[in-house]
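A closer look at the structure
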Amino acid sequence: MLRRTGVPVGLIPCAHGGTSMDQWSPALKGENGNSLYGSMVRRVLAAGGKVKGVLWYQGEADANPKAAGEFLAKFQAFVGAVRTDFGILDLPFYYVQLGRHVNGENAASWNLLQESQRKAEELIPHTAMIASVDVSLDDAIHIGTQDQKRLARRLANLVSHDLFSSMKDYAQLKRGPRPVSAKMENGVVRVTFSQVNGRLQSEGRLNGFSVHSANGDVAPVLYKEMLDPNDANAVLLYVGGALPEKAALWYGYGKDPYCNLRDAADMALPVFGPMAIQ
């Protein structure tokens, strides 16, 4: 950001590994430094109280059957409380959607939390999300150093667009591909996206989509996934046989999928699903 803008940026680290939304509860603010939320508020006020934006990367500890379904409401309450306590009602929040975890436990909860994060961007004004499902890991859950830097550049793209829009290279930058619709046309599911920079692209054979039946089971019907040569904002999914009744589309299903769809600005497609196939 310093190289892009010429403006020094100060970071106020308030991170703590492996924490849940309950541990960041605004209700614990009165405990000051004895709570994560209270400690964060205290640090910001000690630094002068003026914040330009928030970077947030959390959620793994909430990806369980008990907490996953409550994540969206808790995150909304958290964002609202931070904005109120900092006195900036439109304070931007930039956050990372959970990526991969090489572990078969609570896969449904993991996907539910990812979908909640995707929906939060639509429901909470002045928030924006980047995807991490396409990057490399250094162990079963932690993203490697070089791809952490890659995620940082993706966050910087969002910040540059929103907060430094006078910079000509970033004023037109979009958030990255977001799913709009999935429609069956002559044996092909055509999936369209908004917010694409340039055109969609993939390294090697496109991968990451799956079709599911009404009960959520994977339907083994896709035999080819490819970029639409006639539309920079769409992909084509070739179906062998008939779709199951009330078929739904997912991208990044499970905890350890292989996903590689991005746009020309290296903004990746987030995990999503279920999306009804029309």
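Overview of the structure. (Residues numbered from 1 in each chain as written. Predicted model: local features only at pLDDT ≥ 70, side-chain atom pairs only at ≥ 80, totals over all residues. Heavy atoms only, no water.)

**Quick look at the overall build of the protein chain**
Looking only at helices and strands, one finds 5 helices and 13 strands in the protein chain. Relative to the 2.2 N^0.38 estimate, which gives 19 Å for 278 residues, the radius of gyration of the protein chain is 20 Å and therefore close to what a compact globule would have. Across its three principal axes, the protein chain shows a C-alpha extent of roughly 65 × 45 × 35 Å. Among the 278 residues that make up the protein chain, the fraction classed as buried is 48%. The contacts in the protein chain between residues at least 6 apart in sequence include a share of 68% that link residues at least 24 apart. Carbon and sulfur atoms form 52% of the exposed surface of the protein chain, whose accessible area is close to 13700 Å². For the protein chain, the distance from the average site of its 29 positive side-chain charges to the average site of its 27 negative ones is 6 Å. (Helix = DSSP H or I, 4+ residues; strand = E, 2+ residues; numbered from the N terminus. Rg over C-alpha atoms; globule rule 2.2 N^0.38 Å. Buried < 20%, exposed > 50% of the residue type's maximum accessible area, 1.4 Å probe, protein only. Contact = heavy atoms within 4.5 Å. Areas by Shrake-Rupley, 256 points an atom, 1.4 Å probe, with all protein chains shown as cover. Lys, Arg positive; Asp, Glu negative; His and termini not counted. Charge placed at Lys NZ, Arg CZ, Asp CG, Glu CD.)

**Digging into the sheet that holds strand E4 (residues 178–185)**
One open sheet accounts for 4 strands, arranged E4-E5-E10-E9; its pairing is antiparallel. A strand with exactly one partner marks an edge of an open sheet, and here the two such strands are E4 and strand E9 (222–227). Sheet twist, expressed as the mean angle between neighbouring strand axes with direction ignored, is 20°. The pairing of E4 with strand E5 (residues 188–194) spans 7 bridges and is antiparallel. By the bridge assignment for E5, Pro179 is matched with Phe193. (Pairing = 2+ DSSP bridges. Axes fitted to C-alpha atoms, helices over the stretch in contact; angles between N-to-C directions.)

**So, the pattern of salt bridges**
According to the stated counting rule, one finds 18 salt bridges in the structure shown. Notably, a salt bridge pairs Arg154 with Asp134, separated by 2.8 Å at the nearest N-O pair. Placement of Arg154 in helix H5 (residues 145–163) and of Asp134 in the loop between strand E3 (127–130) and H5 is noted, with a sequence separation of 20 residues between them. For Arg154, a relative accessible area of 1% puts it in the buried group. Residue Asp134 is classed as buried on the basis of its relative accessible area, which comes to 10%. Between Arg262 and Asp134 there is a salt bridge whose closest N-O contact spans 2.6 Å. With a gap of 128 residues between them, Arg262 in strand E12 (residues 261–263) and Asp134 in the loop between E3 and H5 connect regions that are remote in the sequence. In this pair, the class of Arg262 matches that of Asp134, namely buried. (Salt bridge = Lys/Arg side-chain N within 4 Å of Asp/Glu carboxyl O.)

**With respect to H5**
In a regular helix each residue adds 1.5 Å, so 19 residues correspond to 27 Å; H5 covers 26 Å between its end C-alpha atoms and thus fits that length. Within H5, the full set of buried residues consists of Asp147, Arg150, Leu151, Arg154, Leu155, Ala156, Asn157, Leu158, Val159 and Ser160. Of the surrounding secondary structure, the elements contacted by the buried residues of H5 are helix H1 (2–5), strand E2 (93–96), E3 and E12. (Expected span 1.5 Å × (residues − 1).)

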